[in-house]
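# Working through the structure, step by step
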Amino acid sequence: MSRTLRYREALREAMIEEMERDPNVFLMGEEVGHYQGAYKVTEGILEKFGEKRVIDTPIAEGGFAGLGIGAAMVGLRPIVEFMTWNFSAVAFDQILNNAAKVRQMSGGQYTCPIVFRGPNASARQVGSQHSHAMEHFYTHVPGLKVIAPAFAADAKGLMKTAIRDNNPVLVMESETLYNTKGEVPDDQGPIPFGVANVVRTGKDVTIVAYSRMTHVALEAAEKLAKLGVSAEVIDLRTLRPLDEDTIVASVKKTHRCVTVHEGWPYGGVGAEISDRVQRLAFDYLDAPILRVASLDVPMPYNAKLEQQCMPQPERVVDTVLRVVHRG
Amino acid sequence: MAHEGPPVDTDHLARLYRQMFLIRRCEEEAARAYAMGKIGGFLHLYIGQEAVGVGALAALESKDHVVTTYRDHGIALAKGMTARAMMAELFGKETGCSKGLGGSMHMFDAANGMHGGYGIIGGHIPLAAGIAFASKYKEDGGVTLCFFGDGAVPIAGFHEGIGLAALWKLPIVFICENNEYSMGTPLSRTLPTSEVANYARGYGIPSDRFVAEDVLEVERRIGEAVKLAREANIPTLVEVKTYRFRGHSMSDPGKYRTPEEVEARKQRDPLFRARTQLELHWDMARLDALEASVEEEVADAVKFADESPEPTAELLAPTTYDGPFAS
Ligand SMILES: Cc1ncc(C[n+]2csc(CCOP(=O)(O)OP(=O)(O)O)c2C)c(N)n1
Ligand SMILES: [Mg+2]
């Protein structure tokens, strides 16, 4: 049996079920309680669990991220919401230097079971300071796990895994996905990290995406089918750990690969995938691996320019046509 | 609050009233344009707080500097930006103050010493200290006003910016526009003290605290702090009590305030207060003419914004780097 849930409801259910399961799990962030969440992900949670476990913070990301890390080191399991991941930049030092390092620099004496979550990447016309795809910064860091679900069921299952994981896990959600609906099994349990999904099978090219870009890739694949190109679409679901086996198996079949993500092209998740594919499937490749990313500039406010900067299905189609030598 | 300064200079009061009225009307038209989809992203209105920006900036000389948050339209206008440049920026047009690339939260007008609206809470406070540092370095006698909300007080940028300005005796005035809420959270749940001005003590700088209902009083009180900054390089932390009549942004339903509370504050609208003061000295025909000239200016700005061309992608490279694009 399953139900249709919105992405935000799936996340909320995962948090509620895990908070019911473990009294050490608590939720903290700006406007998560009384205001019911800036994007309503945490709606009703304060009423359910009370102010001890659902804590409205002042605007002090460095402070409450650090406080969460400290609490996690001695046995609590905080879920820290960033109103958006853009504001995690203020807490970057805490995540980089404390959350990711405390285990190793203590010789393994500590674990840091903390979840940082919130909407990531572009919204609509919110300008350069509010449109960052932060996963590229964080996937760089050993000690952190980074996940980026695209569908409601994955949002629920991966969030549960994140909360039960003994390491810092960063959950990249998406403002533009919160309202999307999907089927979620009634007994949706934790989904293991490091397992990608083939969300569309095909034989001519492998498109690797995650989060909102999975939907963009699927839209592109639909258009490509009309042009006679059969695209396989992989939804990574988790970025670190990265399921290279699924990617490589697909590329061995299709011989071509295009990555799609928001955020800039210099370095980042697409570059990481390109490296692995050329290393692990070099002899199978019939074309260079191409990457579709946001344009290499800060995000402009103007609506048309913003759309131009963001990866669109059309740009994915054009890029795929280039690797299948039809463009 | 009795005004104890010299007798009212009515021409001056009329100029300030005109600025406040211009801001109010621009904001109202911006709200309408937002509802029509002509403005996108976040839109934070200054309605209710006009006396703070207008009064404070009246205490400056034209060579002085201003830095503020994302709630920046009113302050940009008060610093001399044209209504056309402001409105066109909101509409995302090339004729906007930031060429349509910045949007509502990022109003810049370098020629007028308006060094921007910034979107990350607290991030602009050390930056403002840097502008004051440059004035001292260049010995040009310039003073910087740095505006921020009550919500910025808990974040590191506030403390680091003020700490450095105090330590290095910089010509700056820190103005906290305390409108009692940061988004949906009342001050009582973000600060351990009810007075923002208290924070000055730890940094060894003077403070002031007053209600912004009389624009002339705001000018006089900020003027004292500006004098200290200009003549003695002493920074001041000024807490100005104010209130926003609208939601935090256009998407905020504002359920955290009762309609009675908002209504009671609207009864003490500083704009009406200035008008009432002016009515004592001016006949209605003159006031009507002044207001009609504002209506014309606003209508012209909206028309100009609507008819202006959009920025094109050629702008992106030269606004990302000065000199050759380094990718
Ligand atoms: C570092 C950071 N965290 C969170 C936000 C999201 N945010 C934008 S405005 C705001 C409330 C700010 O309130 P206040 O400083 O009182 O200013 P006001 O809006 O009342 O003018 C929040 C939480 C942000 N912009 N930056
Ligand atoms: Mg405020």
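Residues numbered from 1 in each chain as written. Chains lettered and ligands numbered in written order. Predicted model: local features only at pLDDT ≥ 70, side-chain atom pairs only at ≥ 80, totals over all residues.

## Brief notes about the overall build of chain B
- Along the backbone of chain B there are twelve helices and eight strands.
- For chain B, the C-alpha radius of gyration of 19 Å lies close to 20 Å, the compact-globule estimate for 327 residues.
- Dimensions of chain B, computed from C-alpha atoms along their principal axes, come out at roughly 60 × 50 × 40 Å.
- Within chain B, buried positions represent 51% of all 327 residues.
- Across chain B, the fraction of contacts at a sequence separation of at least 24, relative to all contacts at a separation of at least 6, is 76%. (Helix = DSSP H or I, 4+ residues; strand = E, 2+ residues; numbered from the N terminus. Rg over C-alpha atoms; globule rule 2.2 N^0.38 Å. Buried ≥ 20, exposed ≤ 12 C-beta atoms within 10 Å, placed from the backbone. Contact = placed C-beta atoms within 7 Å.)

## Here we look at the pairing of strand E4 (residues 77–81) of chain A
Residue and element names in this part refer to chain A.
- Among the five residues that make up E4, five are buried, leaving the element largely enclosed by the rest of the structure.
- The alternating pattern of E4 places Arg77, Ile79 and Glu81 and Pro78 and Val80 on opposite faces, both of which are buried.
- With five bridges connecting them, strand E2 (residues 25–29) and E4 associate as parallel partners. Residue pairing in the sheet places valine 25 in a bridge with arginine 77 of E4.
- Inspection of the sheet shows E4 paired to strand E5 (residues 115–119) by three bridges, in the parallel sense. Opposite glutamate 81, over in E5, you have arginine 117 as the bridge partner. (Pairing = 2+ DSSP bridges.)

## Details of helix H12 (residues 313–323) of chain A
Residues and elements named next belong to chain A.
- Along H12, the positions that sit buried rather than exposed are Val316, Val317, Thr319, Val320 and Val323. The arc enclosing the buried residues of H12, seen along the axis, measures out at 165°, which places them on a common side.
- Once H12 finishes, histidine 325 follows within two positions and takes phi at roughly 60°, a positive value. (Arc of directions from axis to C-beta.)

## Overview of the sheet that holds E2 of chain A
All names here are of chain A.
- Strand order in this open sheet of seven strands is E3-E2-E4-E5-E7-E6-E12, and the pairing throughout is mixed. For this open sheet the edge positions go to strand E3 (54–56) and strand E12 (238–240), each flanked by a neighbour on one side alone. In this sheet, neighbouring strand axes are inclined to one another by 20° on average, regardless of whether the strands run parallel or antiparallel.
- Relative to E12, strand E6 (residues 145–147) runs antiparallel, the two being bridged by two bridges. Looking at the pairing, valine 146 lines up with arginine 240 of E12. (Axes fitted to C-alpha atoms, helices over the stretch in contact; angles between N-to-C directions.)

## What to know about the packing of helix H4 (residues 83–90) of chain B against helix H11 (residues 284–307) of chain B
Residues and elements named next belong to chain B.
- Where H4 contacts H11, the two axes come as close as 8 Å, and the packing angle between them is 40°. One way to sum up the angle between H4 and H11 is to call them oblique. Relative to H11, H4 is oriented so that their crossing is right-handed. On H11, the residues that touch Ala83, Arg84, Met87, Ala88 and Leu90 of H4 are Glu297, Val298, Ala301, Val302, Phe304 and Ala305.
- Per-class residue counts for the contact of H4 with H11 are nine nonpolar, no polar and two charged. (Parallel < 35°, antiparallel > 145°, perpendicular 65-115°, else oblique. Left-handed = near helix turned anticlockwise from the far one by under 90°. Nonpolar A, V, L, I, M, F, W, Y, C, P; charged D, E, K, R; others polar.)

## Observations concerning the confidence of the model for chain B
- Within chain B, residue pLDDT values average 96, and 98% of them lie at 70 or more.
- Two summary scores accompany this predicted model of the complex, namely pTM at 0.97 and ipTM at 0.96. (pLDDT = per-residue confidence, 0-100.)

## Some remarks on the interface of chain A and chain B
- Contacts between the two partners involve 28 residues from chain A and, on the opposite side, 31 residues from chain B.
- Among the elements that make up the side of chain A that touches chain B, the one with the highest residue count is helix H11 (residues 303–309) of chain A (four residues).
- Of the residues contributing to the side of chain A that touches chain B, the split by class is 14 nonpolar, nine polar and five charged.

## Quick look at the pairing of strand E13 (residues 257–260) of chain A
Residues and elements named next belong to chain A.
- Side chains of E13 alternate between two faces, with Cys257 and Thr259 and Val258 and Val260 buried alike.
- As judged from the three bridges shared by E13 and strand E14 (residues 290–292), these two strands associate in the parallel manner. What sits directly across from threonine 259, in E14, is arginine 291.
- Assessed by its sense of winding, the connection that carries the chain from E13 through helix H10 (residues 268–280) to E14 is right-handed. (Right-handed = clockwise from strand over helix to strand, strands pointing away.)

## Description of the site of ligand 1
- Taken together, 20 residues lie around ligand 1, and Phe87 of chain A together with Ile121, Gly149, Gly151 and Ser182 of chain B are the ones closest in.
- The environment of ligand 1 is shared, with nearby residues belonging to chains A and B.
- For the shell around ligand 1, the per-class residue count stands at nine nonpolar, six polar and five charged. (Near = placed C-beta within 6 Å.)

## Describing the nonpolar core
- Judged by nonpolar contacts, the single largest core of 192 residues is most densely connected at Ile207 and Val320 of chain A together with Met86, Ile172 and Val173 of chain B.
- Top element by residues in this core is helix H1 (residues 10–35) of chain B. It accounts for ten residues.
- Both domains that meet at this core, namely domain 1 (2–185) and domain 2 (197–323) of chain A, each give it at least three residues.
- With five residues, the next largest nonpolar core counts Val297, Met299, Leu305 and Met310 of chain A among its residues. (Core = buried A, V, L, I, M, F, W, Y, C linked by C-beta atoms within 7 Å. Domains from an automatic or database assignment.)

## Side note on the domain arrangement of chain A
All names here are of chain A.
- Per the domain assignment, the segments making up chain A are domain 1 (2–185) and domain 2 (197–323).
- Put simply, the middle of domain 1 and the middle of domain 2, counted by C-alpha atoms, are 26 Å apart.
- Residue assignment for the side of domain 1 that touches domain 2 shows that the elements contributing at least two residues are helix H6 (135–138), E6 and helix H7 (152–164).

## Details of helix H4 (residues 92–99) of chain A
All names here are of chain A.
- Along H4, the residues classified as buried are Gln94, Ile95, Asn98 and Ala99. Down the axis of H4, the buried set is contained in an arc of 110°. They therefore lie on one face.
- Along its buried surface, H4 packs onto helix H3 (61–73), helix H5 (102–105) and E5.

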